[in-house]
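Residue strings, one per chain:
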Amino acid sequence: ETGVTQSPTHLIKTRGQQVTLRCSSQSGHNTVSWYQQALGQGPQFIFQYYREEENGRGNFPPRFSGLQFPNYSSELNVNALELDDSALYLCASSLGLSARSYEQYFGPGTRLTVT
Amino acid sequence: DQQVKQNSPSLSVQEGRISILNCDYTNSMFDYFLWYKKYPAEGPTFLISISSIKDKNEDGRFTVFLNKSAKHLSLHIVPSQPGDSAVYFCAASAEKDSNYQLIWGAGTKLIIKP
């Protein structure tokens, strides 16, 4: 069984640029959630995709957008990068939209630094 | 406004003793709670969960207690082992929230001393 993988592991971008982060879900999982984790804080929910549709969104501006593909892999896109976007971005996969979907399986994250 | 609070940034416990990690919440609509463990350079790993209809859930060395009236939950690890050294996150969710999003605490770093 393949776990959740994310790429790249580290990334440095300049303010104003755009970035795409990628995630491959655990085998058999059809739900993916993206989180932003700033230093010293817990993860903050960005959005969730279920079967290629956005299912919920946290308090993030529209310049944070996502996609989920038919194979349930996913992308997080951030436009017009700001310095405060520097953080660890975590992807988590789960199965379905039940209570068990709260038991999410996380990738190792992508460390984004905006200069 | 932090809805889930872990007030202890770190905790140091002797190997073999009990580790108790605490978490407080403010939203009375939360009805499902989870604990995750995170090692450096890895994503969080699900540890144990509890529904609001229960006050205790046990899984091996790990037990989670929920006190709804106090809006407080705790994770007990007995006995503590060196491999338990990690950052522990408490997370909560409201089933009626159609976003199914988890609200996370800031984490507590647990250090198990040999």
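Here is a short report on the structure shown in this document. Given the structure is predicted, the values throughout are model-derived calculations rather than measurements.

1. Considerations on the overall build of chain B
From N to C terminus, chain B includes 0 helices and 11 strands. Expected size for 114 residues packed as a compact globule is a radius of gyration near 13 Å; at 14 Å, chain B falls within 12% of this value. Seen through its C-alpha atoms, chain B measures out along the principal axes to roughly 45 × 30 × 20 Å. Residue burial in chain B is summarised as follows: out of 114 residues, 45% are buried. Partitioning the contacts of chain B with sequence separation of at least 6, the portion at a separation of at least 24 is 54%. Accessible surface, chain B as shown: approximately 5600 Å² in total, 49% of it carbon and sulfur. On chain B, the mean spot of the 12 positive side-chain charges and the mean spot of the 11 negative ones are 5 Å from each other.

2. Notes on the pattern of salt bridges
Residues and elements named next belong to chain A. Applying the stated criterion to the full structure yields 6 salt bridges over all chains. Residue R57 pairs with E54 through a salt bridge whose shortest N-O separation is 3.4 Å. Classification of R57 by relative accessible area gives partly exposed; the value is 25%. Via salt bridges that share partners, R63, E82 and D85 belong to a single interconnected network.

3. Considering the state of the cysteines
Residues and elements named next belong to chain A. Per the stated rule, a full pass over the model turns up 2 disulfides over all chains. C23 shares a disulfide with C91; S-S distance 1.7 Å. Residues C23 and C91 are joined through a disulfide that is left-handed, its torsion about the S-S bond being -50°. Taken together, the residues span a long stretch of sequence, with C23 in strand β3 (residues 19-24) and C91 in strand β9 (residues 87-94) at a distance of 68 residues. What makes C91 buried here is its relative accessible area of 0%.

4. Here's the deal with the packing of aromatic side chains
A complete count under the given rule lists 13 aromatic pairs over all chains for this structure. A centroid spacing of 5.8 Å and a plane angle of 75° characterise the contact between A:Y35 and B:W104, whose relative ring orientation is edge-to-face. Here A:Y35, found in strand β4 (residues 31-37), pairs with B:W104, found in strand β10 (residues 103-104), and the two come from separate chains. For the pair shown, A:Y35 and B:W104 are each scored as buried. Relative to B:W104, the ring of B:F89 lies with its centre 5.9 Å away and its plane at 75°, an arrangement referred to as edge-to-face. Residue B:F89 is located in strand β9 (residues 86-93), and its partner B:W104 is located in strand β10; the two are separated by 15 residues in the primary sequence. Taking relative accessible area as the criterion, B:F89 reaches 2% and is therefore assigned buried. Grouping aromatic residues by their ring pairs yields a cluster made of A:Y35, A:F45, A:F106, B:Y36, B:F46, B:F89 and B:W104.

5. Digging into the layout of surface pockets
Approximately 520 Å³ is the volume found for the largest pocket. Lining of the largest pocket is provided by 27 residues; of these, A:Q37, A:L88, A:R111, B:K38 and B:P40 occupy positions nearest its centre. Elements with a contribution of two residues or more to the lining of the largest pocket: β11 (110-114) of chain A together with β9 and β11 (108-113) of chain B. A class-by-class count of the residues in the lining of the largest pocket yields 13 nonpolar, 10 polar and 4 charged.

6. Considering the nonpolar core
Among the nonpolar cores identified, the biggest contains 24 residues, and B:F33, B:W35, B:L73, B:L75 and B:Y88 are the most heavily contacted of them. Only β3 (19-25), β4 (32-38), β5 (45-51), β7 (62-67), β8 (72-77), β9 and β11 of chain B provide two or more residues apiece to this core. Of all the elements, β9(B) adds the most residues to this core, at 4 residues. When residues no more than four places from it in sequence are discounted, the contact partners of B:Y88 are B:Q6, B:L21, B:W35, B:Y36, B:K37, B:L47, B:L75, B:I77, B:G107, B:T108 and B:L110. One finds A:V32, A:L76, A:Y89 and A:C91 within the second-largest nonpolar core, a separate group that totals 19 residues.

7. Quick look at the side chain of A:T20
Residue and element names in this part refer to chain A. You can see T20 is positioned in strand β3. Polar side-chain contacts of T20 include one of 3.0 Å to the side chain of Q18. A polar atom in the side chain of T20 sits 2.6 Å from the side chain of N77. T20 has contacts with E75, L76 and N77, leaving out every residue within four places of it along the chain.

Thresholds applied
- The residue count restarts for each chain, going from 1 along the sequence in the order it is written.
- The lettering of chains begins at A and the numbering of ligands begins at 1, in the order of writing.
- Local features in a predicted model are, by the rule used here, given only for residues with pLDDT of at least 70; side-chain atom pairs are given and counted only at 80 or more, and totals for whole chains, interfaces and linings are based on all residues.
- Excluding hydrogens and water, the side-chain values take into account all heavy atoms of the structure.
- Only DSSP runs of H or I reaching four residues or more are called helices, and only runs of E reaching two or more are called strands; each is numbered from the N terminus.
- What the globule rule says is 2.2 Å times the number of residues to the power 0.38, and the radius of gyration is computed from C-alpha atoms.
- The classification of residues rests on relative accessible area computed with a 1.4 Å probe and restricted to protein chains. Under 20% of the type maximum is buried, over 50% is exposed, and intermediate values are partly exposed.
- Should any heavy atoms of two residues lie within 4.5 Å, those residues are considered in contact.
- We get accessible surface area from the Shrake-Rupley algorithm with a probe of 1.4 Å; when it comes to residues, only the shown protein chains can shield them.
- Positive: Lys, Arg. Negative: Asp, Glu. His and the chain ends are not part of the count.
- A charged residue contributes its charge at one atom only: NZ of Lys, CZ of Arg, CG of Asp or CD of Glu.
- Here, a salt bridge means any Lys or Arg side-chain nitrogen found within 4 Å of an Asp or Glu carboxyl oxygen.
- Sulfur atoms of two cysteines make up a disulfide when they are within 2.5 Å.
- Note on ring pairs: Phe, Tyr and Trp rings are taken, using the six-membered ring of Trp, and paired if centres are within 6.5 Å. Classes follow the plane angle, with under 30 degrees stacked, over 60 edge-to-face and the rest tilted.
- Only protein atoms enter the 1 Å grid, on which a cavity is a set of points fitting a 1.4 Å probe that cannot get out and a pocket is an open set with protein on both sides within 12 Å along at least 5 of 7 lines, lining residues being those with an atom within 4 Å of a point.
- Grid points are joined across faces, edges and corners, and a volume is the space filled by probe spheres set on the points.
- Each residue receives one of three labels: charged for Asp, Glu, Lys and Arg, nonpolar for Ala, Val, Leu, Ile, Met, Phe, Trp, Tyr, Cys and Pro, and polar for the others, Gly being one of them.
- Take the buried residues of types Ala, Val, Leu, Ile, Met, Phe, Trp, Tyr and Cys, join any two whose side-chain atoms come within 4.5 Å, and each joined set is a nonpolar core.
- Polar contact is the term for a pair of N or O atoms within 3.5 Å; when the atoms are in protein, one must be able to donate a hydrogen and the other to accept it, and sequence-neighboring residues count only if both atoms are side-chain atoms.

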